[in-house]
Amino acid sequence: MYNEGQATGMTFWAPNINIFRDPRWGRGQETPGEDPTVAGKYAVSFVRGMQGDRSNHLQVSACCKHFTAYDLENWNGTDHYNFNAIVTKQDMVDTFQPPFKASSVMCAYNSVNGIRNCANKELLTKTLRLEWGFRGYIALDCNAVHRIFYAHNYTKSPEEAAADALKAGINDLPLPLITLKNFECSKIETQVNSNNQTTGSIQSMNIYFNEFLCKAKFSGV
């Protein structure tokens, strides 16, 4: 459970409900195990216990993590920041996805079938919001946008990485101060507005760089 730094306030970065398939994963002890049914029931109980039973009032906001197919630490030169999980559609639906339902979901560092999780519109918008009816907010793991560009070279610029995350369904961009100088708000705005694609029906969004607040106005859908 984490509630410091970028996560202060009502958000608690818990529970960890990744399916635990590799015993070498250093955080496996945080999870309920390898059974998706058990993980799903555990997630429901954990989230209800934290958030309370009132539909119109949250005690805190639980954040189920890490979405999705994420259970590797460091093996054969591949670490948890960089690996690409090759997963069949059936395994995604039957195994990795079922536990993730709460007021908040955190996307994982890794890729699934070649697409970065935190820039994957198929996962964050189509699956979470449209298919599941998810109405909460989607959080980034620490430095996730930074790594999309600097560690993975997935985009041509850091601003494009930020824009891809927003267009995929991310609700805010908490970025470390160390990378602040490398992100320009105007360029993020340009990237987000390219092809007139934005996230949901959001017409404006605050992009938080720790203590620095950059307001970028995005065109509506």
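Provided above is the structure to which this section pertains.
These remarks concern the structure in this document. (Residues numbered from 1 in each chain as written. Predicted model: local features only at pLDDT ≥ 70, side-chain atom pairs only at ≥ 80, totals over all residues. Heavy atoms only, no water.)

**Focus: the side chain of Ser-157**
Part 1 of the argument: Tracing the chain through its elements places Ser-157 in the loop between α4 (144-150) and α5 (158-168).
Part 2 of the argument: Within polar-contact distance, the side chain of Ser-157 engages the backbone nitrogen of Glu-160 at 3.0 Å. (Helix = DSSP H or I, 4+ residues; strand = E, 2+ residues; numbered from the N terminus. Polar contact = N/O pair within 3.5 Å; in protein donor to acceptor, adjacent residues only side chain to side chain.)

**Here we look at the state of the cysteines**
Part 1 of the argument: On inspection of all chains with the given rule, the structure shows 1 disulfide.
Part 2 of the argument: Disulfide pairing places Cys-107 opposite Cys-118 at an S-S distance of 2.0 Å. Of note, the bridge from Cys-107 to Cys-118 carries an S-S torsion of about 105° and is right-handed in sense. Of this pair, Cys-107 sits in strand β6 (residues 104-107) while Cys-118 sits in the loop between β8 (115-116) and α3 (121-131), and the two are 11 residues apart along the sequence. Here Cys-107 matches Cys-118 in class, with each residue buried. (Disulfide = S-S within 2.5 Å. Buried < 20%, exposed > 50% of the residue type's maximum accessible area, 1.4 Å probe, protein only.)

**Re the pattern of salt bridges**
Side-chain pairs of opposite charge can arise where the charged atoms are in close proximity.
Part 1 of the argument: In total, this model carries 4 salt bridges according to the counting rule given.
Part 2 of the argument: For Asp-91, the salt bridge identified is with Arg-21, shortest N-O distance 3.3 Å. Note that Asp-91 is positioned in helix α2 (residues 89-96) and Arg-21 in the loop between β1 (11-12) and α1 (36-51), a separation of 70 residues in sequence.
Part 3 of the argument: Classification of Asp-91 as partly exposed rests on a relative accessible area of 22%. (Salt bridge = Lys/Arg side-chain N within 4 Å of Asp/Glu carboxyl O.)

**Concerning the environment of Ala-165**
Part 1 of the argument: Counting through the fold element by element, Ala-165 comes out in helix α5.
Part 2 of the argument: What makes Ala-165 buried here is its relative accessible area of 0%.
Part 3 of the argument: Considered as a pair, Ala-165 and Val-145 are 20 residues apart in the sequence and their alpha carbons are 7.2 Å apart.

**Some details on the layout of surface pockets**
Part 1 of the argument: In this structure, the largest pocket spans a volume of roughly 370 Å³.
Part 2 of the argument: If you trace the largest pocket, you find 17 residues lining it, with Lys-89, Met-92, Gln-97, Leu-123 and Thr-127 closest to the centre.
Part 3 of the argument: Ranked by residues supplied to the lining of the largest pocket, first place goes to α3 with 5 residues.
Part 4 of the argument: Classifying every residue of the lining of the largest pocket by side-chain character gives 8 nonpolar, 5 polar and 4 charged. (1 Å grid on protein atoms, 1.4 Å probe; cavity = no way out; pocket = protein on both sides within 12 Å on 5 of 7 lines; lining within 4 Å. Points joined across faces, edges and corners; volume = space filled by probe spheres on them. Nonpolar A, V, L, I, M, F, W, Y, C, P; charged D, E, K, R; others polar.)

**So, α5**
Think of an α-helix as turning once every 3.6 residues; residues three or four places apart then point the same way.
Part 1 of the argument: Of all 11 residues in α5, 9 are buried; the element is thus mostly enclosed.
Part 2 of the argument: Inspection of α5 places Pro-158, Glu-159, Ala-161, Ala-162, Ala-163, Ala-165, Leu-166, Lys-167 and Ala-168 among the buried residues, and these make up the whole buried set.
Part 3 of the argument: Taken from the residues just after α5, Gly-169 is the one with a positive phi, measuring 135°.

**Quick notes on α1**
Part 1 of the argument: In a regular helix each residue adds 1.5 Å, so 16 residues correspond to 22 Å; α1 covers 22 Å between its end C-alpha atoms and thus fits that length.
Part 2 of the argument: Burial in α1 covers these residues: Ala-39, Gly-40, Ala-43, Val-47, Met-50 and Gln-51. Buried positions in α1, seen along its axis, are confined to an arc of 105° and lie on one side of it. Facing away from the buried side of α1 by over 90 degrees, the exposed positions are Lys-41, Ser-45, Arg-48 and Gly-49.
Part 3 of the argument: The N-capping residue of α1, defined by a side-chain oxygen 2.8 Å from the backbone nitrogen of Thr-37, is Asp-35.
Part 4 of the argument: Among the residues trailing α1, Gly-52 stands out with phi positive, at a value near 90°. (Expected span 1.5 Å × (residues − 1). Arc of directions from axis to C-beta.)

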